[in-house]
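Each chain is listed here by its residues.
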Amino acid sequence: MRKISDTIARLSALHMQRSVQALDHGKQDRLKVLTDFGSNSGALKGKFYLPIDLPENAPLVVVLHGCTQNASAYDHHSGWSRLADDAGFALLFPEQQRTNNPNLCFNWFEPGDTRRNSGEALSIWQMIEAMVLTHGIDRQRIFVTGLSAGGAMAGTMLATYPEVFAGGAIIAGLPYGSAATVPEAFDRMRGHGGPTAQDLQRLLHRASDHRGPWPKISIWQGTADHTVAPSNAEAIALQWQDVHRLKNTPARSETTGAHARQVWCDASGEAVVEIRMIAGMGHGTPVGDGLGTPGPYMLDIGISSTREIARFWGIDATQISDSTPSKPIVAATEVPSPSMPSPAAEKKMARLPAPSNGGLSVPRLETDRRGVRTIIEDALRAAGLMR
């Protein structure tokens, strides 16, 4: 019953969340529609952005939005296309459709969408290949980032197509392969259970036949995130330590105000894995410092994760010192509703039997069986998962 109660709370919050976030979906669309990029087995849409003076052999950044968001809104709030204008790189924005997932979440744990050459992962790779061939992208400088479900899907791309990417950034995401069912997904988001560090490393090795070099990884997380537990950031770092042959202890740790940074370096001294932990920050992408606009799950804390991530990858043209934000960080929290309300398999939830299923354990509900059914059905209708 514990899991049913948690699911009810998440689904009930969707009604308010959707009405708030829908207001941002049409903000200043600077993106163009990507067409004819392959078989598109994952049935995704794609958008892209090219600066007017894009140089030859430019880098490409793939950006994956979070649940209830879309590509244009995420670009507007994160500032990626503004930075692309300054730094001279191309952008690709894969976009989820409601026919795949009612809440626009990338299906980050669904096995059919998270294997190499399958489902949504294949569609995203096909979009990347189309951008490379059409716009002369430098194959040695392709990067991927995402928030929440998009962050988890960014991790999927890094694991299943590691030879494609020079680097990645996972914001409030989860380790690759950490869940394969709806109950597991909810548990991992809360920080409960999950594979051991060794199992996570084995999952990464088995995701492809790649043997290196491996993409560098930037991991962002708020300590007050009540949607994706902060322990997931540490699990992601552990997953990637083995392929990079890193020690468990970071090479250096830095703290400035609420912003703590841990860095792991390879044998040459290059930073290849980092965790950026923001004290007091809730669930969302950090924006600020003159880049990006606050909005639902886009949190103004005085630091632009967009700029910092691009600098970690080495593709930011702006001249800012290497480790800390130029403005003091102000802790921010999210709108009180889940950004990953029904991870990956929400499209399956509409087909589940009447949710009086007692096989999931959650805190005891002080109501009768009929009351439980009514609450669940009302929540499912509010979330758009049931008529």
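Conventions used here
Residues numbered from 1 in each chain as written. Predicted model: local features only at pLDDT ≥ 70, side-chain atom pairs only at ≥ 80, totals over all residues. Heavy atoms only, no water. 1 Å grid on protein atoms, 1.4 Å probe; cavity = no way out; pocket = protein on both sides within 12 Å on 5 of 7 lines; lining within 4 Å. Points joined across faces, edges and corners; volume = space filled by probe spheres on them. Nonpolar A, V, L, I, M, F, W, Y, C, P; charged D, E, K, R; others polar. Disulfide = S-S within 2.5 Å. Helix = DSSP H or I, 4+ residues; strand = E, 2+ residues; numbered from the N terminus. Buried < 20%, exposed > 50% of the residue type's maximum accessible area, 1.4 Å probe, protein only. Pairing = 2+ DSSP bridges. Contact = heavy atoms within 4.5 Å. Axes fitted to C-alpha atoms, helices over the stretch in contact; angles between N-to-C directions.

**Details of the layout of surface pockets**
Phase 1: Its boundaries defined by the atoms lining it, the second largest pocket holds a volume of some 320 Å³.
Phase 2: What lines the second largest pocket is a set of 16 residues, among which F165, A166, P213, W214 and P215 lie closest to the centre.
Phase 3: When its residues are assigned to classes, the lining of the second largest pocket shows eight nonpolar, three polar and five charged.

**A few points about the state of the cysteines**
Phase 1: The full count for this structure, using the stated rule, is one disulfide.
Phase 2: In this model C67 forms its disulfide with C105; the gap between the sulfur atoms is 2.1 Å. Between C67 and C105, the S-S torsion sits near 125 degrees, and that sign places the bridge as right-handed. Of this pair, C67 sits in the loop between β3 (60–64) and α2 (71–78) while C105 is found in the loop between β4 (90–95) and α4 (119–135), placing the two residues 38 residues apart along the sequence. Both residues of the pair, C67 and C105, count as buried.

**Observations regarding the sheet that holds strand β5 (residues 142–147)**
Phase 1: Taken in spatial order, the 10 strands of this open sheet run β1-β2-β4-β3-β5-β6-β7-β10-β9-β8, and their pairing is mixed. With one partner strand each, in any of the chains shown, β1 (32–33) and β8 (252–256) form the two edges of the open sheet.
Phase 2: Strand direction decides the pairing type here: β5 and strand β6 (residues 167–171), joined by five bridges, are parallel. Considered in β6, the bridge of G146 is made with I170.
Phase 3: Relative to the sheet, α4 contacts β2 (45–49), β3, β4 and β5, its axis offset from that of β4 by approximately 150 degrees.

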